Amino acid sequence: MERPGAVTNVPQINLERSKENEWISKDQIKKRTKKHKDYQPNYFLSIPITNKEITRGIKNLQDTIIQQDQRMSKAMTGDGSFHVTLLVMQLLNDDEINIGIDALLELKSFIEEILRGKHLILPFQGVDTFGNQVGFVKLAEGDHISLLLEIAEAAKRIFQEKGILAGDSRSYKPHLTFMKLFKTPWLWRQGVKEIDPKLFEEFISHRFGEEVVQRIDLCSMRKKKQSNGYYHCESSIVIGESSTVLQNYRKDTPCWPRGKRPIGIQDLINEALHRERMGLKAKVKQIKELLLKPETQAKIRRELFEGRCVNNSNQGNDVDFSDTLT
């Protein structure tokens, strides 16, 4: 029963709630927009090019261009880093890298379901550019493109579902980059502002060869490259291979950092142990930071030297733990 004189203004309450919800919604959109504005991919999923016929063909293409314009040598992609990008993403710390590794491992089963036991073969033919700034070898037309697009879409979905900012605003167009003019501003200052198609006209319809996709790597764009010129790898999965084949893996096979093997049963165990070690390292780091705080050191000194004679207390106050913790 309402008290006399009490007034319940339902429309006013609903209006205020509506305004509050609208403000919350706008605030969430603002935060999300800011997050995406700060999005700068620094990792990517790479399909490495291992077919020597393809790499030799691209080297011949690069040499042909350089012979006509020596300045273009600075814009060429190193032969150790030839790859097809499957997905770009942003991983800002070790925790996000570990999430990215988990997503990559999860992607393996989706790829196997898409391929259904078949090999994914990528034939490369012809050359083109993106806006006369990026030169690339084209992927020939065929059913393999739809399979690759399906795998790329699955990868994007899996990474995004795990909270990773991934993908590009542009539609995915698989390609094999061999030169980047936009990353050489000094050539612009010398007047070289475009890749002249005449430089590679003899390769317009050239068949470079076929790559059987055997591996997908999670690579860093910014960390130091390996000695063979390939990108720093955080983890990898093998496509269409059994764990028994992995035992025959050779450490001199390019693209694997620090002798890492493709992902098999033992590799999954090693990966789990690696993540556990990373977690322990993070905890040790936190403990070090805590012990290095002046208030923590002061408390330790008090507990260590409490009850000792006054003559020894002054010496105890001079203890500095920073040298032992670094």
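Starting afresh in each chain, residues are numbered from 1 along the sequence in its written order. Residue-level local features of this predicted model are given only where pLDDT is at least 70; pairs of side-chain atoms are given and counted only at 80 or more, and the full residue set underlies all totals for whole chains, interfaces and linings. In computing side-chain properties, one takes all heavy atoms of the structure into account and sets aside hydrogens as well as water.

The helix and strand labels rest on DSSP assignments: H or I over at least four residues marks a helix, E over at least two residues marks a strand, and numbering proceeds from the N terminus. The length a helix should cover is 1.5 Å for every residue beyond the first. If you check helix α3 (residues 94-115), its first and last C-alpha atoms are 31 Å apart, about what 22 residues at 1.5 Å a residue would give, namely 32 Å. All buried positions along α3 are accounted for by I97, N98, G100, I101, A103, L104, L105, L107, K108, I111, I114 and L115. We call two N or O atoms a polar contact when they sit within 3.5 Å, provided that within protein one can donate a hydrogen and the other can accept it, with sequence-adjacent residues counted only if both atoms are side-chain atoms. Its side-chain oxygen 3.2 Å from the backbone nitrogen of D95, N93 forms the N-cap of α3. A positive phi of about 50 degrees marks R116, the residue just after α3. Here the term buried applies to any residue with accessible area under 20% of the maximum for its type, exposed to any over 50%, and partly exposed to those in between, with areas from a 1.4 Å probe on protein chains only.

Let's shift gears to the nonpolar core. General note: in soluble globular proteins, nonpolar side chains tend to be found buried as a group. In this structure, L45, M89 and F124 are the most contacted members of the largest nonpolar core, which totals 59 residues. Ranked by residue count, the leading element in this core is α3, at nine residues. Residues belong to one nonpolar core when they are buried, are Ala, Val, Leu, Ile, Met, Phe, Trp, Tyr or Cys, and are joined through side-chain atoms within 4.5 Å.

Take the confidence of the model for the protein next. The pLDDT value tells you how sure the predictor is about a given residue, anywhere from 0 up to 100. For the protein, mean pLDDT is 79; residues scoring 70 or higher make up 70% of the total. Here helix α6 (residues 243-246) stands out as the least confident element of the protein, with mean pLDDT 35; strand β1 (residues 43-48) is the most confident, with 97. Note on contacts: a residue pair qualifies if any of its non-hydrogen atoms lie within 4.5 Å across the two residues. Long-range and interchain partners of residues 242-263, a stretch whose pLDDT sits below 50, account for 42 contacts in this model, where long-range means more than four residues apart.

With that settled, the discussion passes to the pattern of salt bridges. Whenever Lys or Arg places a side-chain nitrogen within 4 Å of a carboxyl oxygen from Asp or Glu, that contact is recorded as a salt bridge. One pass over the full model with this rule turns up six salt bridges. Ionic pairing is found between D168 and R170, a salt bridge with its closest N-O pair at 2.9 Å. Note on D168: relative accessible area 36%, which makes it partly exposed. Note that R215 is salt-bridged to D217, the shortest N-O span being 2.8 Å. On the basis of relative accessibility, which here comes to 7%, the residue R215 falls in the buried class. For D217, a relative accessible area of 0% corresponds to the buried category.

Lines are fitted to the C-alpha atoms to define the axes, a helix being fitted only along its stretch in contact, and any angle between axes, read from their N-to-C directions, falls within 0 to 180 degrees. Packing of α3 against helix α4 (residues 143-161) leaves a shortest axis separation of 9 Å and a crossing angle of 145 degrees. Relative to α4, the crossing made by α3 is right-handed. For the pair formed by α3 and α4, the contact residues are G100, A103, L104, E106, L107, F110, I111, I114 and L115 on the first element and L147, E150, I151, A154, A155, R157, I158 and F159 on the second. Each residue belonging to the contact of α3 with α4 can be placed in one class, and the counts come to 13 nonpolar, one polar and three charged. Working rule for handedness: look at the near helix, and if it is turned counterclockwise from the far one by less than a right angle, call the crossing left-handed; if clockwise, right-handed. By the convention adopted, Pro, Cys, Tyr, Trp, Phe, Met, Ile, Leu, Val and Ala count as nonpolar, Lys, Arg, Asp and Glu as charged, and the other residues, Gly among them, as polar.

Here we come to the environment of L87. Among the secondary structure elements, L87 is positioned in strand β2 (residues 83-90). In this view, L87 contacts Y43, F44, L45, A155, K156, F159, A166 and G167; residues no more than four positions away in its chain are not counted.

What follows deals with helix α2 (residues 52-68). If you check α2, its first and last C-alpha atoms are 25 Å apart, about what 17 residues at 1.5 Å a residue would give, namely 24 Å. Inspection of α2 places I54, T55, G57, I58, L61, Q62, T64, I65 and I66 among the buried residues, and these make up the whole buried set. For α2, the elements touching its buried residues are β3 (121-130), β4 (134-139), β6 (176-180) and β7 (207-212).

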